[in-house]
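Listed here are the chains, written in short residue letters.
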Amino acid sequence: MARTTPMTREDAGPRPVVARSAVDRGRLTVYAAVGASLSAVPLPWLPDSLLRRVRGALVHDVAVRHGLSLTREAREVLSEPSGPDGPSGLLTQAVRFLGGRIAMRTFTRFGPIGLVWPARAALRTYVLGHLFDRYLEVSRTDRSIRVDVDEARRVRQAVEGALGRALTTDGGVAPEPTVIDDQRDALSALVDGLIGLVAGVPDRLVRRLDTAFDDLLTHGHG
């Protein structure tokens, strides 16, 4: 009876490449919701401090899922609520807090406008996670496993710039599925089309953000 030789690792051929983990939208949404809830804290300094923690946990989470780490300074640049080079002193935070509270009291009488501040915090947190993940997945060329402060500042500036340019950037048109054997009447088709148009707004905004972000990373902020 012939003896069988155990298969070695070399005999098994090349090991499969494990794809880097993507950060799913559901995970980003949770971070965004937590960030939004912090604007309700009725104390100066504390909302910014807590939001900085949430954003720091978010960028750490994204980096780890790409097999990378962040220097302490890089994490601070990405997580700072006021921007990559924005002031973060106690006096500045107090002024921003009081200004925000006065504005919120003014706008509360207008109903849904009172949701602007939580929505803004949620949006900025979500966009930070989404675009940082995109950068690490698509645009990063540095082979170092550590993201340093200069790299983080470049990314953060592109994130902020993309937020400002998203509404004026052409994100392209996604292909729409073809309706087969349409049994709807004209009114139903019209209503479905209008609702579908609204439902597609988030996806169109994300495409615009991605386009603006990629352009800023490539061509700078001029």
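For the structure itself, look to the data block above.
Residues numbered from 1 in each chain as written. Predicted model: local features only at pLDDT ≥ 70, side-chain atom pairs only at ≥ 80, totals over all residues. Heavy atoms only, no water.

### Comments concerning a nonpolar patch on the surface
Thinking step 1. A surface patch of nonpolar side chains, amounting to about 490 Å² of accessible area, comprises L187, L190, V191, L194 and I195.
Thinking step 2. Structurally, L190 is set in helix 7 (residues 186–199). (Patch = residues over 30% accessible without salt bridge, like charges linked within 9 Å, V, L, I, M, F, W, Y side chains within 5 Å. Areas by Shrake-Rupley, 256 points an atom, 1.4 Å probe, with all protein chains shown as cover. Salt bridge = Lys/Arg side-chain N within 4 Å of Asp/Glu carboxyl O. Helix = DSSP H or I, 4+ residues; strand = E, 2+ residues; numbered from the N terminus.)

### Description of the environment of V149
Thinking step 1. Among the structural elements, V149 can be located in helix 6 (residues 149–165).
Thinking step 2. Taking the C-alpha atoms as reference, V149 lies 7.8 Å from R75; in sequence the two are 74 residues apart.
Thinking step 3. In this view, V149 contacts T71, E73, A74 and V77; residues no more than four positions away in its chain are not counted. (Contact = heavy atoms within 4.5 Å.)

### Notes on the pattern of salt bridges
Thinking step 1. Per the counting criterion, the structure on display carries eleven salt bridges.
Thinking step 2. D61 is the partner of R27 in a salt bridge, and the nearest nitrogen-oxygen pair spans 2.6 Å. Residue R27 is located in helix 1 (residues 25–37), and its partner D61 is located in helix 2 (residues 46–65); the two are separated by 34 residues in the primary sequence.
Thinking step 3. Of the charged contacts in the structure, one is a salt bridge between E80 and R52, with a shortest N-O distance of 3.1 Å. Here the residue E80 occupies a position in the loop between helix 3 (72–79) and helix 4 (90–108), and R52 occupies one in helix 2, the gap between them amounting to 28 residues.
Thinking step 4. Among the residues examined, E80 registers a relative accessible area of 8% and is labelled buried.
Thinking step 5. Taken together, the salt bridges that share partners define one network made up of R27, D61 and R65. (Buried < 20%, exposed > 50% of the residue type's maximum accessible area, 1.4 Å probe, protein only.)

By themselves, these figures tell us nothing about what the structure is for.
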